[in-house]
Amino acid sequence: MNSMRKRERPALPDLTSAQSPQAAAKPRKLRVLVAGEFSAGKTSLINGLLGEKVLPSHVTATALPPIWLVHGRDRGQIWIDKEEVARPLCDLAQLNLEKARYCVIAHGAPILERIDIIDTPGSSDPNMPMESWQRMLRYADLVIWCTNATQAWRQSEKAVWDAMPQALLEQPMLVVTHGDRLPDERTRARLMRRVQREAGEVFPTIRLAALTDAQDVAQIGREIERLIGQIGQPSGETNETVAKFVRERDVIAFPKPRMPVKPRRLRSARLIKAEGAELPEVTDAEPLILDSPLPDYPPAEPATMSGPARALWEELTAGHAFTDAADVLAHVEHLLDRLDARAADEPEPAYATRRSTP
């Protein structure tokens, strides 16, 4: 491990030689890649840095490919297939994992105005091959390695880090996550002494953090800002697909609207299951043609209708930010239950009797 640190760093590639004078005058943002083993808190750390739960962090989300986060107010998102073709993405849950290489998501978090963040699957994730995250290393300028405090800096992590590209070894950062799971301050101090002794030669910066503590997450953010300030020339390769997405995200964020259909009551997932029916198959979207901008559609007019059902929906969803289709469906189920209960408590309207009369 020590010999790895003593190797001479190879000459960095000249990233400006193939760029236009305008691009050379404005260097690209640096990219921070967050890596670590399975369930090391990588996604929770990123959500904390963004100030919002943008990425799913539950167990079933571990089967997602790398996610490249860029700055953008419109929150557009695409997925990149193995042929480096950009395709529109409406829902991460519907992503074709066999064909997707990585995703790109735009978000308006202030930290993304200064850096890009690349979230990667766990290095020991049984659902994802190692190359799914290793291929993203060539785009990174700085690596943040997350290790779980309950089993920090294991031999398997050391083996992965020994194979890390030399260009990323100059200013790495080790974040010991889930510090709130340690019983007391004495245990935390003992752990940090061991980690410093075993990993201090590799990581100039080591920090312990409780990802549930906003102050700890903010401190990690300040450390990242300090580290990127010490990087001169970016070492990561250029990525024209992501650059084009950033330039044209207003086009990518809004696919062509579908033709209006006759309104109907949606069948819930539990009703479909009870009927023994199969869920419809989700097919791949057509390749996105970035050079053909979509029309500039006017924004939809806000709804002005009012009524007890709408008021109940607003009550149930007040202050809630939906994260996926399942979350929306759960609230719809709750709404229907409340409406059914309210209808059962109310007397039958007179028109119902008239309609039943032949």
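Please refer to the structure higher up on the page.
My aim in this report is to walk through the structure given alongside it, one point at a time. (Residues numbered from 1 in each chain as written. Predicted model: local features only at pLDDT ≥ 70, side-chain atom pairs only at ≥ 80, totals over all residues. Heavy atoms only, no water.)

Our next topic: the overall build of the protein. For the protein, the helix and strand inventory stands at 13 helices and 9 strands. Residue pairs in contact within the protein that sit at least 24 positions apart in sequence constitute 75% of those at least 6 positions apart. Surface exposure of the protein reaches about 21,500 Å², of which carbon and sulfur atoms provide 53%. (Helix = DSSP H or I, 4+ residues; strand = E, 2+ residues; numbered from the N terminus. Contact = heavy atoms within 4.5 Å. Areas by Shrake-Rupley, 256 points an atom, 1.4 Å probe, with all protein chains shown as cover.)

Most often, soluble globular proteins have nonpolar side chains that are buried together. Formed by 38 residues in total, the largest nonpolar core has its most connected members in Trp68, Val104, Trp145, Trp161 and Phe203. Residue contacts for Trp68: discarding those within four places in its chain leaves Arg31, Tyr102, Cys103, Val104, Ile105, Asp116, Ile117, Ile118, Met136, Tyr139, Asn239 and Val242. (Core = buried A, V, L, I, M, F, W, Y, C linked by side-chain atoms within 4.5 Å. Buried < 20%, exposed > 50% of the residue type's maximum accessible area, 1.4 Å probe, protein only.)

Next up on the list: the pattern of salt bridges. Applying the stated rule across the entire model yields 12 salt bridges. Of the charged contacts, one joins Arg138 and Glu237 as a salt bridge, the two residues approaching to 3.3 Å between their closest N and O atoms. Of this pair, Arg138 sits in the loop between α4 (131-134) and β7 (142-148) while Glu237 is found in the loop between α7 (214-229) and α8 (240-247), placing the two residues 99 residues apart along the sequence. The shortest N-O distance in the salt bridge between Glu223 and Arg226 comes to 2.9 Å. Of this pair, Glu223 and Arg226 both sit in helix α7, 3 residues apart, which is roughly one turn of that helix. Note on Glu223: relative accessible area 7%, which makes it buried. Overlapping salt bridges bring together Lys158, Arg194 and Glu198 as one network. (Salt bridge = Lys/Arg side-chain N within 4 Å of Asp/Glu carboxyl O.)

Before going further, it helps to examine helix α3 (residues 42-50). Taken across its 9 residues, α3 has 7 buried, putting it largely inside the fold. Within α3, burial applies to Lys42, Thr43, Leu45, Ile46, Asn47, Leu49 and Leu50. Residues of α3 that are buried make contact with β1 (30-36), β2 (67-71), β5 (100-107), β6 (115-119), β7 and α7. Looking one or two residues past α3, Gly51 carries a phi angle of roughly 80°, positive in sign.

A few words now on α7. One turn of an α-helix holds 3.6 residues; hence residues three or four places apart share an orientation. Under the 1.5 Å per step criterion, the end-to-end length of α7 is 23 Å for 16 residues, consistent within 8% with the ideal 22 Å. Those residues of α7 that sit buried are Val217, Ile220, Gly221, Glu223, Ile224, Leu227 and Ile228. Down the axis of α7, the buried set is contained in an arc of 160°. They therefore lie on one face. For α7, the exposed residues lying more than 90 degrees away from the buried face are Ala214, Gln215, Arg222 and Gly229. The elements touched by buried residues of α7 are β1, α3, β6, β7, β8 (173-177) and β9 (205-208). In this structure Asp213 caps α7, since a side-chain oxygen of it lies 2.9 Å from the backbone nitrogen of Gln215. (Expected span 1.5 Å × (residues − 1). Arc of directions from axis to C-beta. Polar contact = N/O pair within 3.5 Å; in protein donor to acceptor, adjacent residues only side chain to side chain.)

A word on a positive patch on the surface. A cluster of basic residues, Arg186, Arg190, Arg193 and Arg197, forms a positive patch on the protein surface. Counting through the fold element by element, Arg186 comes out in helix α6 (residues 185-199). Under the relative-accessibility criterion, Arg186 is labelled exposed at 67%. (Patch = residues over 30% accessible without salt bridge, like charges linked within 9 Å, V, L, I, M, F, W, Y side chains within 5 Å. Lys, Arg positive; Asp, Glu negative; His and termini not counted. Charge placed at Lys NZ, Arg CZ, Asp CG, Glu CD.)

A word on the sheet that holds β2. Taken together, the 9 strands give an open sheet; going across it, the order is β4-β3-β5-β2-β6-β1-β7-β8-β9, and neighbouring strands pair in mixed fashion. Of all the strands in the sheet, the pair left with one neighbour each is β4 (86-88) and β9. Ignoring which end each strand starts from, the neighbouring axes of this sheet average 25° apart. Both β8 and β9 contribute to a ladder of 4 bridges, which runs parallel. Bridge assignment links Leu174 to a residue of β9, and that residue is Ile206. (Pairing = 2+ DSSP bridges. Axes fitted to C-alpha atoms, helices over the stretch in contact; angles between N-to-C directions.)

What follows is about the environment of Val332. Here Val332 lies in helix α12 (residues 325-345). On a C-alpha basis, the gap between Val332 and Trp313 in space is 8.4 Å, while along the polypeptide they are 19 residues apart.

Now for the environment of Ile117. By the secondary structure assignment, Ile117 is in strand β6. On the basis of relative accessibility, which here comes to 2%, the residue Ile117 falls in the buried class. Dropping the residues within four chain positions of it, Ile117 is found in contact with Val32, Val34, Ile46, Leu49, Ile67, Trp68, Leu69, Ile111 and Leu112.

It is the contact of α3 with α7, at a shortest axis distance of 9 Å, that shows an interaxial angle of 85°. It follows from the interaxial angle that α3 and α7 lie roughly perpendicular. Between α3, through Leu45, Gly48 and Leu49, and α7, the contact on the second element is made entirely by Val217, Ile220, Gly221 and Ile224. Here the residues of the contact of α3 with α7 are counted per class, giving 5 nonpolar, 2 polar and no charged. (Parallel < 35°, antiparallel > 145°, perpendicular 65-115°, else oblique. Nonpolar A, V, L, I, M, F, W, Y, C, P; charged D, E, K, R; others polar.)

Moving on: the pairing of β7. Of all 7 residues in β7, 7 are buried, a share of seventy percent or more. Side-chain alternation along β7 places Leu142, Ile144, Cys146 and Asn148 on one buried face and Val143, Trp145 and Thr147 on a second face that is also buried. One ladder, built from 5 bridges, connects β1 with β7; its direction is parallel. Residue pairing for β7: Val32 is matched across the bridge by Leu142. Across 5 bridges, β7 lies against β8 in parallel orientation. Among the inter-strand pairings, Cys146 is bridged to a residue of β8, identified as Val175. Tracing the backbone out of β7, into helix α5 (residues 155-162) and back to the parallel element β8 gives a crossover that is right-handed. (Right-handed = clockwise from strand over helix to strand, strands pointing away.)

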